[in-house]
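The chain contents come next:
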Amino acid sequence: MKFNNSLSAFEEAYKVIPGGVDSPVRAFKSVGGTPPFIAKGEGGYVFDIDGNRYIDFVQSWGPLIFGHADKDIENAVIEAVKNGLSFGAPTLNETALAKEVVELFEGIDKIRFVSSGTEAVMSAIRLARGYTKKDDFIKFTGCYHGHSDSLLVQAGSGMATFGSPSSPGVPADLTKHTLLAQYNNLESVKKCFEQSNGNIASIIIEPIAGNMGLVPADEAFLIGLRELCDEHGALLIFDEVMSGFRASLKGSGGIVDVKPDIITFGKVIGGGMPVGAFCASKKIMSQLSPEGPIYQAGTLSGNPIAMSAGLASLAKLKANPTIYDELERKAKKLIDGFLSSAKEFDIPMVGEVRGSMFGFFFSNIEVKNFEDALQNDTKRFALFHTKMLSRGVYLACSSFEAGFISTTTTDEMIDEAIAMAKLSLEEIALNR
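Residues numbered from 1 in each chain as written. Predicted model: local features only at pLDDT ≥ 70, side-chain atom pairs only at ≥ 80, totals over all residues. Heavy atoms only, no water.

### Describing the sheet that holds strand β1 (residues 38-42)
Thought 1: Taken in spatial order, the four strands line up as β1-β2-β3-β15 in an open sheet, and their pairing is mixed. Every other strand in the sheet has two partners, leaving β1 and β15 (393-394) as the edge strands with one partner each.
Thought 2: Each of β2 (45-48), β3 (53-56) and β15 touches helix α14 (residues 411-430); the most contacted strand, β3, lies at about 105° to it. (Pairing = 2+ DSSP bridges. Helix = DSSP H or I, 4+ residues; strand = E, 2+ residues; numbered from the N terminus. Contact = heavy atoms within 4.5 Å. Axes fitted to C-alpha atoms, helices over the stretch in contact; angles between N-to-C directions.)

Have a look at this one:
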């Protein structure tokens, strides 16, 4: 494959955009080479400006569960655009989408839409603090909840890719309220409560972590978190910005029987448009302005274009919830193919699947937390990524990111990706 146009475009972007990208992981720093500049997407494929076609297992980092340029979502957006791009005023589709989401979740009565996952989580933390009248909260090393100051501590995803435990510009006065625990380790959470002097407002967790690679939380661990929150008067927040409507129609709620107090969403409910949301019981949500004293606002919150796209996407999901079985079958087929080829060439690899989400590590240990994830062979992943890209397979450009299957990902695409993985792993084995 030739990447001349992408190389020129990256050099030009670098002159006017920090690092040449608007989100750090896109720069390909952890895998090397030049990021392809994408010209268009069709179904399960993306095409770059050099004319190369790739089987796309990124799907805009999750939201495109129906693939690129889905006609139903596209038509909904086009019709909405005809009436205007933004009003900064209430629209009927906000209420319609709110009803669609709320009716799926027990204990969830109200939802507020925002413009991004970062904004949704930031608002959820503020709501939990205001409701409990406490300042501290617990997060887990490797879980990424967006780039707001209090949450940018020992984050995974791009932060792991660049090896930064935190970030300059984040005041210590803010992060002192962020207590760190180890994912899937309940004892570490208990220690946080012991040391907090009763000041913990909430625990926030990705119940299916997708930002340190795909690492699901054990159900017993989540049950333990629920019990600790109840015991200490703290709220349990599930960050399902990535897994919501991706792992199942009810996100982690379709897989484990643990009820959080607050859920954050994004990705799929925007159908590819910028959107986020947070939701909880009427009692908790009534604390938000203008009903209550906790302030949160946004001019583009509930944007009519995003609401229309979300309605179209969610309608398709609710009309045919069995698609998750098919998506999971394909994801398992892909990972089983990768693992089989790795085993054939004596290359350590482990993998996980949750619904339409998948992940793999070049490692010989089961990955249960961020510390385990950090032991994976990132150099081997970078080599594998480069070889797969050159063979027309577009994978997430970090070993600390999950991958995604769409409804437009065919068995033939899966077979082709497995065949390319086998060739790539064979080359890696011959040159080690």
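### Some words on helix α7 (residues 186-195)
Thought 1: For α7, every residue scored as buried is listed here: S188, V189, C192 and F193. The buried residues of α7 occupy an angular sector of 145° when the element is viewed end-on, so they sit on one face. When the buried face of α7 is taken as reference, the exposed residues oriented beyond 90 degrees from it are E194 and Q195.
Thought 2: In this structure, the buried residues of α7 make contact with β5 (136-140), β6 (178-181), β7 (200-205) and α8 (219-232).
Thought 3: Capping the start of α7 is the job of one residue whose side-chain oxygen sits 3.1 Å from the backbone nitrogen of E187: N185. (Buried < 20%, exposed > 50% of the residue type's maximum accessible area, 1.4 Å probe, protein only. Arc of directions from axis to C-beta. Polar contact = N/O pair within 3.5 Å; in protein donor to acceptor, adjacent residues only side chain to side chain.)

### Quick look at empty space enclosed by the protein
Thought 1: Counted by the stated rule, this structure contains one cavity of 30 Å³ or more.
Thought 2: By volume, the largest cavity is sized at about 110 Å³.
Thought 3: Lining the largest cavity are 14 residues, with F360, A396, E401, A402 and G403 positioned closest to its centre.
Thought 4: Residue contributions to the lining of the largest cavity peak at four residues, all from strand β14 (residues 357-361). (1 Å grid on protein atoms, 1.4 Å probe; cavity = no way out; pocket = protein on both sides within 12 Å on 5 of 7 lines; lining within 4 Å. Points joined across faces, edges and corners; volume = space filled by probe spheres on them.)

### Quick notes on the layout of surface pockets
A water-sized probe rolled over the atoms picks out the places where empty space is left.
Thought 1: Considered as a void within the structure, the second largest pocket measures approximately 590 Å³ in volume.
Thought 2: For the second largest pocket, the lining is made up of 26 residues, of which E94, I111, R112, F113 and S301 are closest to its centre.
Thought 3: Per-class residue counts for the lining of the second largest pocket are 12 nonpolar, 10 polar and four charged. (Nonpolar A, V, L, I, M, F, W, Y, C, P; charged D, E, K, R; others polar.)

### Looking at the environment of G272
Thought 1: Along the chain, G272 turns up in the loop between β11 (262-266) and β12 (276-280).
Thought 2: On the basis of relative accessible area, G272 is assigned to the partly exposed category, the value being 40%.
Thought 3: For the pair G272 and L64, spaced 208 residues apart in sequence, the C-alpha separation works out to 5.8 Å.
Thought 4: In this structure G272 touches P63, L64 and K267, once residues within four positions along its chain are discounted.

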